[in-house]
Every structure is written in structure tokens, then in C-alpha cells.
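# Report on the structure
The residues making up each chain are set out below.
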Amino acid sequence: MDSAFAWLSQLISWFGQFVPRWNILDTTEAAIKFKRGKNPVFCGPGIHWYWPVLSTWIVYPTARQADRLQTQTFVTTDDKIIVVGGLIVYSVTDLMKLLTTTHNAATTIKDITLTSLHEICCRMSWEQLKDEQRKGTLDTKLKNAAQHDLLSYGVLVEKVMLIDLSPARVLKVMQSVSQEEN
């Protein structure tokens, strides 16, 4: 019985694409509306009308947000292996730049910040990292590096900080596979 009415649901859905709709954006988000797959238009907070058959939407938060950065293993200038994990706090100032130049905005922001962390941490010795972490100057260097790298994407970096910083040992487990197991 359900399959008998499935075509009716698809037909109503198809006709619904020709009816104008509205999208309500609150003050913490904005959107880019693509007309016919191109011609991006910025839409700030408020009510915006669109036709689903002719427009696609990408809604993204522009307010202050924080993302945890995955833990990485680095080698310092004095050949110490360290584990570093971080946090970035940012807001989006130019959504048009961010969404029209990246495929996945959130992943791009994290990846670029991780490369900034790598650049700063790998250029220091273990003692320098510990000293700068204690003084509070390391967070400033990380923030400035990330801001420099994310500026062209319309992202304002408020803070970058390390939440994990410790020496580590890397062990590699080797397994041999005998022909009997194959």
C-alpha cells in the first residue's frame, strides 16, 4: 500500500520545488544563496525568499565558535618527539570568501590551523616550547600564525592555544605474516 502512494509523494515533492519558500536566519548565522548553481549572494540574518528549483543554500555559523584540533606528533629542533593538541576560537567575518573558495569550511579552518601549529612548534626546541607555554607567549605566536593563514578565507582568529603538550615515544609494531596464515 505504501509503494502505491510513493509516486504521489514524489509528485507533490516535485511540484513543491516550484513554490517560493522562505528561510529564516538568526543573528548567529548567515548564508550564501546560489542562483542556478552560480552567482552567489550573501544573505545575513533575517527572512529570505527563494525558489527551491532555482536556488541552493549553504547556511553557516558566523558567531564566535571553538573547534578542538586533533592531536599530532611533532619533532622539535632538538629531536624530541612531542604530542601537541590544540583549540581554535574564531568567528567568520566574510562568509562569501569562506564558502565560495572551500569545499568544507570547518575542515579547512581546522587543517590550516593545524599546519600553523606545526610550523611554530617544529621550529622550537622542547625547552623553548615549555618556556613559551609558561610565559603565555606561545599562544600569541600560534594565534598570529593562524590568523595570517586564515585571513584570506574571511576568518577572524580570536585564540589558538595548546591543550595538550607533552613528550612522547613512538613505537612501531611490526608483524610478520607467514605463508600458512595466507
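See the structure above.
Bear in mind that the values here come from a model prediction, so they are computed numbers and not experimental data.

Here we come to the nonpolar core. Ranked by internal contacts, the top residues of the largest apolar core, which has 34 residues, are Tyr60, Ile88 and Ile109. Contributing elements (two or more residues each) for this core: β2 (29–35), β6 (65–75), β7 (81–92), α2 (95–101), α3 (105–121), α4 (126–135), α5 (137–150) and β8 (155–167). Tallying contributions element by element places α3 first for this core, with seven residues. Setting aside anything within four residues of it in sequence, one finds Ile88 in contact with Gln65, Ala66, Asp67, Leu69, Ile109, Thr113, Leu150, Val157, Lys159 and Val160.

The end-to-end C-alpha distance of α5 is 20 Å, a good match for the 20 Å that 14 residues give at a rise of 1.5 Å each. If you check which residues of α5 are buried, you get Leu138, Leu142, Ala145, Ala146, Gln147 and Leu150. Where α5 is buried, its residues contact β7, α3, α4 and β8.

Next up on the list: the pattern of salt bridges. By the definition in use, this model includes six salt bridges. For Arg68, the salt bridge is made with Asp164, and the minimal N-O distance between the two is 3.8 Å. With Arg68 in strand β6 and Asp164 in strand β8, this pair connects stretches of sequence that are 96 residues apart.

Read across the sheet, three strands follow the order β6-β7-β8 without closing on themselves; strand pairing throughout is antiparallel. Each of the sheet's edge strands pairs with one partner strand only, and the pair in question is β6 and β8. Shown here is a sheet whose adjacent strand axes are inclined to one another by a mean of 20 degrees, direction ignored. As defined by bridge partners, β6 adjoins β7 across nine bridges and the pair is classed as antiparallel. Residue pairing in the sheet places Ala66 in a bridge with Val89 of β7. The strands that α3 touches are β6, β7 and β8; relative to β6, the one it contacts most, it runs at about 40 degrees. Strands in contact with α5 are β7 and β8; relative to β8, the strand with the most contacts, it is inclined by about 135 degrees.

Conventions we followed
Residues numbered from 1 in each chain as written. Predicted model: local features only at pLDDT ≥ 70, side-chain atom pairs only at ≥ 80, totals over all residues. Heavy atoms only, no water. Core = buried A, V, L, I, M, F, W, Y, C linked by side-chain atoms within 4.5 Å. Buried < 20%, exposed > 50% of the residue type's maximum accessible area, 1.4 Å probe, protein only. Helix = DSSP H or I, 4+ residues; strand = E, 2+ residues; numbered from the N terminus. Contact = heavy atoms within 4.5 Å. Expected span 1.5 Å × (residues − 1). Salt bridge = Lys/Arg side-chain N within 4 Å of Asp/Glu carboxyl O. Pairing = 2+ DSSP bridges. Axes fitted to C-alpha atoms, helices over the stretch in contact; angles between N-to-C directions.

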